[in-house]
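Now for the letters of each chain:
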Amino acid sequence: MTSPLIPPTPARVLPVSLDGDLVVDFRRRAPATTPGGPLGDYIDYPEGVTGRFVIYSDRKSADAPRITIPATPAGSHCVVKVDATLINPLKTETLWSFRLIYPDGDLVAGYDRMVVNGIIERHDGLAAKL
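The structure contained in this document is the topic of the report that follows. Predicted model only: the values in this text are computed from it and were never measured.

## A short note on the environment of P73
Within the secondary structure, P73 sits in the loop between strand 4 (66-71) and strand 5 (79-82). For the pair P73 and D25, spaced 48 residues apart in sequence, the C-alpha separation works out to 9.7 Å.

Written as structure tokens, this is what we have:
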């Protein structure tokens, strides 16, 4: 087996509960100075970068509706809030992603960079009912 050319996007679980808003603070940290070492200090997001949190309501269809929540970084924080009315109907294992949208630069004419993705996991007893 070969190694990835670029590091894979980390996958995480987001726990949700009935009637609870989902609030996530995507903090930016300096990379580790040694492979496998601890991450560095929190650092500010670059100027002009925006965030986008996406929930894929049906992973079987690329055309399925998506819940898209824009986020504006402030310092090392990029806070996303998803209202409970959007969270309540979601099933366990619903896919989500958080990406950064970079403005046009010298080398690349604007691009999205996937930061983290994963699944929703219900912690309210609804998982078996949905």
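## Considering unusual backbone geometry
The phi torsion at D19 lies on the positive side, around 65 degrees, for a residue other than glycine. Within the element layout of this structure, D19 appears in the loop between strand 1 (11-16) and strand 2 (22-25). For D19, a relative accessible area of 57% translates into the label exposed. The phi dihedral of E93 falls on the positive side, at around 75 degrees, and the residue is not glycine. The residue E93 is located in the loop between helix 1 (84-87) and strand 6 (95-104) in this model.

## Here we look at the pairing of strand 6
Of all the ten residues making up strand 6, seven are buried; the element is thus mostly covered by neighbouring parts of the structure. Note: strand 3 (residues 50-56) against strand 6, seven bridges, orientation antiparallel. Bridging across to strand 6, Y56 finds its partner in L95. Pairing of strand 6 with strand 7 (residues 109-122) involves nine bridges; the strand directions are antiparallel. Paired with W96 across the bridge in strand 7 is G118.

## Describing the sheet that holds strand 4
Spatially, five strands are ordered 1-7-6-3-4 in an open sheet, and the strand pairing comes out mixed. Where the open sheet ends on each side, the last strands, each with one partner, are strand 1 and strand 4. On average, adjacent strands in this sheet sit at an angle of 30 degrees to one another, irrespective of strand direction. Sheet analysis places strand 1 next to strand 7, joined by six bridges and oriented parallel. In the sheet register, V13 faces strand 7, and the bridge partner there is I119.

Cut-offs applied
Residues numbered from 1 in each chain as written. Predicted model: local features only at pLDDT ≥ 70, side-chain atom pairs only at ≥ 80, totals over all residues. Heavy atoms only, no water. Helix = DSSP H or I, 4+ residues; strand = E, 2+ residues; numbered from the N terminus. Buried < 20%, exposed > 50% of the residue type's maximum accessible area, 1.4 Å probe, protein only. Pairing = 2+ DSSP bridges. Axes fitted to C-alpha atoms, helices over the stretch in contact; angles between N-to-C directions.

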